[in-house]
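# An overview of the molecular structure
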Amino acid sequence: MNHLLSKECSTSKQFNQKLKHRIRSEEVHIKNVNDKLKHKETFGQKVADDIAKFGGSWTFIIFFILVLAAWITLNTFPLFFEPFDKFPYILLNLALSCLAAIQAPIILMSQNRQTERDRIEADNDYEVNVKSEVEIHLLHEKLDYLMESKWQLLIELQQLQIELLQEITKHSDQEKN
């Protein structure tokens, strides 16, 4: 019985060492994508992101509507001074065209950076999934090992215990007689 138990301990230790080695040898590392991208940002990229964030906000839209309304009001009705950009508002059209010409590439730069971030996050998700799959596979191996070998060992140990109990009972019966 001692022999079986010591054999089982050494087998379990070997199996656990094998599992640890396989987990450690996997070259899958989880990383924080945000930290990686923050270190790579240039000043221009930060400015582009901030402009795109502001250009796509309700603050910008409301501010823009107020500026347009003020421009049209001041240049339609001579309230405080003579209008400097009368209808059809050529100067306003030029300003809007310039704004659109500058804002569009800046927003595209920001979107390209977001695409890069999404690509890096997808790669990171893939690595995490691979590591999870490897660990699940190792857990399945360990469960299979336990089911195959441990149950057989338990049955053998139980059989030995029954034999020992029978011998003890036999001895006690002989002593009584």
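An account of the accompanying structure is given in this report. As the structure is a prediction and not an experimental result, all values here were calculated from the model.

Once that is clear, we can look at the overall build of the chain. Broken down by element type, the chain carries five helices and zero strands. Shown N-terminal to C-terminal, the secondary structure of the chain runs as helices and strands in the order α-α-α-α-α. Put simply, 74% of the contacts in the chain that link residues at least 6 apart link residues at least 24 apart. Total accessible area computed for the chain in this model is approximately 14100 Å², and 63% of it derives from carbon and sulfur atoms.

What follows covers the packing of aromatic side chains. All chains considered together, the criterion is met by five aromatic pairs. Centre to centre, the rings of Trp71 and Phe84 are 5.3 Å apart; their planes meet at 80°, and the pair counts as edge-to-face. Highlighted residues: Trp71 in helix H4 (residues 58-76) and Phe84 in the loop between H4 and helix H5 (90-176), separated in sequence by 13 residues. A centroid spacing of 5.5 Å and a plane angle of 85° characterise the contact between Phe87 and Tyr89, whose relative ring orientation is edge-to-face.

What follows deals with helix H3 (residues 43-55). Compared with the 18 Å implied by 1.5 Å per residue over 13 residues, the 18 Å span of H3 between its first and last C-alpha is a close match. When we look at burial in H3, the residues that qualify are Ala48, Ala52 and Gly55. The arc that holds the buried residues of H3, viewed along the axis, is 65°, so those residues lie on one side. Facing away from the buried side of H3, by more than 90 degrees, are the exposed residues Phe43 and Lys53. The inward-facing, buried residues of H3 abut H4 and H5.

Parameters at a glance
Per chain, the residues get numbers from 1 upward, laid out in the order the sequence is written. For this predicted model, a pLDDT threshold of at least 70 governs which residues receive local features, and a threshold of 80 or more governs which side-chain atom pairs are given and counted, while totals over whole chains, interfaces and linings are taken from all residues. With hydrogens and water set aside, each side-chain value is computed from the structure's full complement of heavy atoms. Put simply, DSSP marks the helices as runs of H or I at least four residues long and the strands as runs of E at least two long, and each gets a number from the N terminus on. Residues are treated as being in contact if the distance between any of their heavy atoms lies within 4.5 Å. Computed with the Shrake-Rupley method and a 1.4 Å probe, the accessible areas treat only the protein chains shown as cover for residues. Note on aromatic pairs: the rings of Phe, Tyr and Trp (six-membered ring only in Trp) are paired at centre separations within 6.5 Å, and the planes decide the class, stacked below 30 degrees, edge-to-face beyond 60, tilted for the rest. To estimate the expected span of a helix, count its residues, drop one, and scale the result by 1.5 Å. A 1.4 Å probe rolled over the protein chains alone gives each residue an accessible area, and that area as a share of the maximum for its type sets the label: buried under 20%, exposed over 50%, partly exposed in between. Directions pointing from the helix axis toward each C-beta atom define the arc.

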